Amino acid sequence: QALIVVGGPHVTVLDEQVLNEHPEIDVVVRGEGEQTMLELADIVSTCNLVNLQRVDGITFRKNGTVIRTKNRDFIQNLDELPHPAYKYFPLNKYKLYGKLILPIITSRGCAFNCSFCLAPRMAGKGFRPRSPKNVVDELEWLRDQHAPDAFTFHDETFTFDKKRVLAIC
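Residues numbered from 1 in each chain as written. Predicted model: local features only at pLDDT ≥ 70, side-chain atom pairs only at ≥ 80, totals over all residues. Heavy atoms only, no water.

The end-to-end C-alpha distance of helix α5 (residues 132–146) is 21 Å, a good match for the 21 Å that 15 residues give at a rise of 1.5 Å each. Every buried residue of α5 is listed here: Asn134, Val135, Glu138, Leu139, Leu142 and His146. Burial along α5 is one-sided: seen end-on, the buried residues are contained in an arc of 140 degrees. Opposite the buried face of α5, by more than 90 degrees, sit the exposed residues Lys133 and Asp144. Ala147 occupies a position one or two residues after α5 and carries a positive phi of about 45 degrees. (Helix = DSSP H or I, 4+ residues; strand = E, 2+ residues; numbered from the N terminus. Expected span 1.5 Å × (residues − 1). Buried < 20%, exposed > 50% of the residue type's maximum accessible area, 1.4 Å probe, protein only. Arc of directions from axis to C-beta.)

What follows is the structure, encoded as structure tokens:
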């Protein structure tokens, strides 16, 4: 009886195909999911699924027809996003060779438009960085709260702005 919601690169690009091939999936979140998931959670909490069409950035079925709402605008100020809620995950199960390695994303989007890359579809064609202070604050928070052995940077173009990278370092 649960609402099944999926997101990520694959379903962002193939949203209609995924819904047609997988009837168990109810909603696809396309692109960045933070604001979209908040709106979906609000709608689900009020049990008012007729309002799904008001949520930008989703694809869903209504009476057997696939409906695609307009794309959601990309988040411009990434510094406003909260730290990841790792307290809800059993981090000890995410170790690699006995080491806790935590990911961090310091920017989104890409200023290039390579034909083989999903970054422009997932996160936009422009480079949207977090401020160096915000990145370092999160690294220190991760260190103090979760004591990782290492970090991995998951940006498409971490080194796009050399001055910013040096400031983070």
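Let's pick the thread back up.
This part covers the sheet that holds strand β5 (residues 95–96). Read across the open sheet, the three strands follow the order β5-β6-β9; overall the sheet is mixed. A strand with exactly one partner marks an edge of an open sheet, and here the two such strands are β5 and β9 (150–153). Relative to β9, strand β6 (residues 99–104) runs parallel, the two sharing four bridges. Opposite Leu102, over in β9, you have Phe151 as the bridge partner. Along the sheet face, α5 touches β6 and β9 and points at about 155 degrees away from the line of β6. (Pairing = 2+ DSSP bridges. Contact = heavy atoms within 4.5 Å. Axes fitted to C-alpha atoms, helices over the stretch in contact; angles between N-to-C directions.)

Now for the pairing of β6. Residues Leu100, Leu102 and Ile104 point to one face of β6 and are all buried, whereas Lys99, Ile101 and Pro103, pointing to the other face, are not buried. Here β5 runs beside β6; their pairing, made up of two bridges, is antiparallel. If you follow Lys95 over to β6, its bridge partner there is Leu100. Turn length for the β5-β6 hairpin, with the two strands adjacent in sequence and antiparallel, is two residues, and the turn residue Tyr97 shows positive phi of about 55 degrees.

Turning our eyes to something else, we now look at a nonpolar patch on the surface. Taken together, Tyr88, Phe89 and Tyr94 make up a surface patch of nonpolar side chains, about 400 Å² in accessible area. Looking at the element boundaries, Tyr88 is found in the loop between β4 (65–68) and β5. (Patch = residues over 30% accessible without salt bridge, like charges linked within 9 Å, V, L, I, M, F, W, Y side chains within 5 Å. Areas by Shrake-Rupley, 256 points an atom, 1.4 Å probe, with all protein chains shown as cover. Salt bridge = Lys/Arg side-chain N within 4 Å of Asp/Glu carboxyl O.)

Our focus in this paragraph is the pattern of salt bridges. A full pass over the atoms with the stated rule returns nine salt bridges. The shortest N-O distance in the salt bridge between Asp15 and Arg68 comes to 2.7 Å. With a gap of 53 residues between them, Asp15 in helix α2 (residues 15–21) and Arg68 in strand β4 connect regions that are remote in the sequence. When its relative accessible area of 38% is taken as the criterion, Arg68 is described as partly exposed. When salt bridges that share partners are traced, they join Glu32, Glu34, Arg108 and Arg128 into one network.

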